[in-house]
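# Report on the structure
Next come the chains, spelled out residue by residue.
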Amino acid sequence: MIQKMDEFVSAFRQADRRKNAMSITNSAMQVRFQLGTDVIEDLTILYGGIDCTTVSAPNTSWKLRGRKWDEQMLDEACRLILKEIQLSPSALGGKVEYRRTLLISFFYRFYLEVLQDLKHMYPSKYPDLPKETLSALGEFRDHPPRGVQEYQDVDPQQPPRDPVGRPIMHESGIKHATGEAVYTDDIAPIDGQLYMAVVKSTRAHAKIISIDTSEALDAPGVVTVVTAADIPGENGDEDEKVFAAEEVTYIGHVICGVVAETYELAKEATQKVKIGYEDLELILTIQDAIQHNSYFDKEKKIEQGNVEKAFHTVDQIIVGENHIGGQSHFYMETNRSVVIPRKEDNEMDVYVSTQDASHVQNIVAAAMGTQYNKIRCHTKRAGGAFGGKCVRPSFLAAAAAVAAHKTGCPVRFTLDRDEDMVIAGGRHPLFGKYKVGFMNDGKIKAVDLEYYVNAGCTKDFSVWVIEWAMLSSSNAYDIPNFRCRGRACKTNLPSNTAFRGFGFAQTALSAEMWVSAVADKLGLPHDKVREMNMFKTVGLTHFKQEIDPRNLVVCWKECLERSDYYNRRKAIEEFNKQNYWKKKGIAIIPMIFATGYYIRYYQQVASHELMIPISYLHVYERSTVPIPNATVTAGGISSETNCKAVQEACQILRKRLEPVIKKNPEGKWEDWTKKAFEESICLSATGYFKGYPTNMDWETGEGHAFPYYAFAAACSEVEIDCLTGDHKNLQTDIVMDASYAINPGIDIGQIEGGFMQGLGLYTQEEVKFSPEGEQYTRGPDTYKIPAVCDVPELFRVYLLPNTENPVAIYSSKSMGEAGVFLGSSVFFAIKDAVASARKERGLNGVFPLKSPLNGERIRMACADYFTEMIPKDVPGTFKPWAIDTN
């Protein structure tokens, strides 16, 4: 607030993220009073984010001149502003009702600021503002986050040089931080290298009538254009094509590639390729797919107990829906590949950012019509992936390989961020229906679920995602009568794919939603209803796999104690009584996370097995030459499969060296290996681990689907601004059963990183599409991942000590994926704060909230005098700016 005698100026803004984000709506306001009074002499109201330019409200300002600065003026001002500042229901950017609410919420804040300053200026003339009203003033201020990490120390008897169990820095940690790490696109240009840019479909579903490349071929620097006709072998596989040949199935579908002397010339020439289309029927949303019976694979079903009979024995039944949005991977390096054709035997070297070099090798070899062993794939580092580089890089690399084959030159193919987000897909949006039967004390007796995920245009991992989602659909709850059905919906959107959390992140949130609904319906504390229904003793999951949940109970109790949950809840209740416009909320969430596939930390392991210093070891790039059949690095199982393989190889080497070591036990590693070389002892070894014995029979809905479980509990506290929908993450406590961590530093980093990615999924990140299927969120200006300002001010992670996992290497557990769902504790803490606001406004009982629970949804759920002033748009009377794909 800037003030002079009898004149006041202030500004306001609200964005999708407090820092490094453009405003959704902003405002500047000025008022000047007649000297020594509160009678308006001049008033200026300006808004940004409403139209393409700043808009003002001159009529409102003119009509309010001469009015006293009081509640009657406030009421009239809000109505005049809403009448004068119009926003179409289909306005660019959407969020129309929210933006309308911000117009008058900002004015209300300005009104209070002026009243407060008038009080300071003329203390005897104006009363103090009510204490509860003061909470409308001021925005959240960010403070540097503090972190605490606790884990079990190594056994004192363990040799100091043995690194297993110690928090050793990631081998490339310094290089990542300094920018010295070499990614795919950092590879220096190769002699004769060409560049490719792709032509993408502008229609979501259409036949390709014609492809006219003549103008592009005449463009400066263009060497050739490659299409499906140039592929010497197979055009992809039965599910996905390298180049669209006859039909496009989403906006962004790759049709052809322009190859030129520079990337800029190739990119410019793509605009000169003319594609003729014949539009076909469009299916975009889950509701569209259900209506048109558009699915991949048949319905999957799991059932235990007698659900229908149980519904007749309960005290109450509640039904509802869940809507959970998708998420972009937003990895550091977008999809890139460099393909170098060799001069003989049709050999190729492919440098690619991927999680599955073997799959790249297979798709490229098939496209070239050659043997797999003539294609060498190299991956130094994936450049970030989170599941998003399991499938799509193979087809993009194959496109570059076609160009390299046709030109005989090395070809570099790089996707810009906006292209990558359009082509690569992301996490599956989910729509769910639930029916829950429960007793009046909160005990849940029966649950019936239906889940649908938006798979996009190809099958990809989508059937596995819905299967995994169903297997995890009860989260930590022991429900005696349980039924879950699921389908993967085929639509004309980019193909969604694997993503950290792989289905669990969606259905576990859904489970917490229906448990929360039961608590709301009964007016019971959410933590009591959760604890009452949790697994506590050895039992069976809903798919008949035995589970020992005792460490879950330990995690839950430890989290309650360490977070000081009950005392903080009392403090929050007192805070909320005294603050009308700011509310705090707290929530504690349990988790049972299933690790591994039910389908069939390298250095520290090698150092431990070979009994040599870790400084002796070096990890080379991943290549299909020495390891032709490596598994994909996904599902959080790299430390399981790869470390087991490393362990086996090292044990083979150690056994070969035993005779040498016995002859010279005081020698060094260099002495032993030199002697072994002289004695012609093989100093290379291959280890292989095929995975854990698991199975799942979907005909019976039973099986031993997962090798083991990780248990955890997370407690989060937030504060929300009911006027704007902004929220601040105050504190998070996580207790995780990681068993014996190979590297607790890496494990805690995975937990913290997963939590922040989950926080983004559940409270911030939103993928938006037009009614025609065009993706709006195509870069950091329109898509906001969490930033430092979103990290809880106090963030504590505690690894449960003295636990074992006899299944995995060194009794460890995978932590790569488990942390994502724990971000939902922030979602439910926000919901708790919103519930407090609604209760104060006389709105009790069950209220649904969609994910992500962003500022718009928080503000509109905190129903009040201002939201009631906003006219509701009637569905079907206008064309919306964006659609909900879930």
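Note that this is a predicted model, so its numbers are computed, not measured. (Residues numbered from 1 in each chain as written. Predicted model: local features only at pLDDT ≥ 70, side-chain atom pairs only at ≥ 80, totals over all residues. Heavy atoms only, no water.)

## Digging into the overall build of the protein
When its secondary structure is counted, the protein shows 25 helices and 30 strands. Taken over the C-alpha trace, the protein has a radius of gyration of 30 Å; the compact-globule value for 886 residues is 29 Å, and the two agree within 12%. Considering only C-alpha atoms, the protein reaches an extent of 100 × 70 × 60 Å along its principal axes. Approximately 36200 Å² of the protein is accessible, and the part contributed by carbon and sulfur atoms is 51%. Between the mean site of the 100 positive side-chain charges and the mean site of the 116 negative ones, the protein shows a separation of 2 Å. (Helix = DSSP H or I, 4+ residues; strand = E, 2+ residues; numbered from the N terminus. Rg over C-alpha atoms; globule rule 2.2 N^0.38 Å. Areas by Shrake-Rupley, 256 points an atom, 1.4 Å probe, with all protein chains shown as cover. Lys, Arg positive; Asp, Glu negative; His and termini not counted. Charge placed at Lys NZ, Arg CZ, Asp CG, Glu CD.)

## Quick notes on the pairing of strand 3 (residues 23–33)
Two elements, strand 2 (residues 7–15) and strand 3, share nine bridges in a ladder whose sense is antiparallel. Within strand 3, the residue paired with Gln14 across the bridge is Thr25. By the bridge criterion, eight bridges tie strand 3 to strand 4 (residues 40–48) in an arrangement that is antiparallel. Its bridge partner lying in strand 4, Met29 is registered against Ile45. A loop of six residues connects strand 3 with strand 4, the two strands running antiparallel in sequence, and Gly36 in this loop sits at a positive phi of about 75°. (Pairing = 2+ DSSP bridges.)

## Considering the sheet that holds strand 24 (residues 582–595)
In sheet architecture, strand pairing relies on hydrogen bonds along the backbone and comes in two forms, parallel and antiparallel. Reading across the sheet, the five strands line up as 6-30-29-28-24 and stay open at both edges, with mixed pairing between neighbours. Only two strands of the sheet have a single partner each, and these edge strands are strand 6 (146–150) and strand 24. Going across the sheet, the axis of each strand differs from the next one's by a mean of 10°, ignoring polarity. The pairing of strand 6 with strand 30 (residues 794–799) spans five bridges and is parallel. Of the residues in strand 30, the one forming a bridge with Gly147 is Phe795. (Axes fitted to C-alpha atoms, helices over the stretch in contact; angles between N-to-C directions.)

## Here we look at the pairing of strand 9 (residues 222–226)
In terms of burial, strand 9 is largely enclosed, as four of its five residues are buried. Relative to strand 11 (residues 254–260), strand 9 runs antiparallel, the two being bridged by four bridges. The residue bridging Val226 from the neighbouring strand is Gly257, located in strand 11. (Buried < 20%, exposed > 50% of the residue type's maximum accessible area, 1.4 Å probe, protein only.)

## Observations concerning the packing of helix 14 (residues 504–522) against helix 23 (residues 824–840)
Angle between the axes and distance between the axes: these two values describe a pair of packed helices. The interhelical angle for the contact between helix 14 and helix 23, taken along N-to-C directions, is 25°, at an axis separation of 11 Å. The angle between helix 14 and helix 23 places the two elements in the roughly parallel class. Like other packed secondary-structure pairs, helix 14 and helix 23 cross with a definite hand, here right-handed. Seen from helix 14, the contacting residues are Leu509, Glu512, Met513, Ser516 and Asp520; seen from helix 23, they are Ser824, Phe827, Phe828 and Lys831. Counted by class, the contact of helix 14 with helix 23 contains four nonpolar, two polar and three charged residues. (Parallel < 35°, antiparallel > 145°, perpendicular 65-115°, else oblique. Left-handed = near helix turned anticlockwise from the far one by under 90°. Contact = heavy atoms within 4.5 Å. Nonpolar A, V, L, I, M, F, W, Y, C, P; charged D, E, K, R; others polar.)

## A few points about the state of the cysteines
Under the criterion given, the structure shown has zero disulfides. Among the cysteines around Cys78, which has no disulfide bond, Cys722 carries the closest sulfur, lying 17 Å off. Taking the relative accessible area as the measure of exposure, Cys78 reaches 0% and is therefore buried. With no disulfide partner, Cys682 has as its closest neighbouring cysteine sulfur the one in Cys650, 13 Å distant. (Disulfide = S-S within 2.5 Å.)

## Regarding the nonpolar core
Tyr47, Trp69, Phe107, Met196, Trp514 and Met736 are the most contacted members of the largest nonpolar core, which totals 200 residues. Sort the elements by how many residues they give to this core and helix 3 (residues 96–121) lands first, with 14 residues. Counting 20 residues, the second largest nonpolar core, distinct from the first, contains Ala216, Ala266, Ala269 and Tyr277. (Core = buried A, V, L, I, M, F, W, Y, C linked by side-chain atoms within 4.5 Å.)

## A look at the side chain of Thr414
Along the chain, Thr414 turns up in strand 18 (residues 411–414). Engagement of the side chain of Thr414 in a polar contact is seen with the side chain of Asp185, the distance being 3.2 Å. If sequence neighbours within four positions are ignored, Thr414 has contacts with Asp185, Met196, Tyr263, Asn335, Arg336 and Glu419. (Polar contact = N/O pair within 3.5 Å; in protein donor to acceptor, adjacent residues only side chain to side chain.)

## A closer look at unusual backbone geometry
Looking along the chain, the bond that leaves Ser851 and enters Pro852 is cis, with omega of 10°. Checked against the element boundaries, Pro852 lands in the loop between helix 23 and helix 24 (855–861). Despite not being glycine, Asp564 has its phi angle at roughly 55°, a positive value. Relative to the helices and strands, Asp564 resides in the loop between helix 16 (550–562) and helix 17 (565–578).

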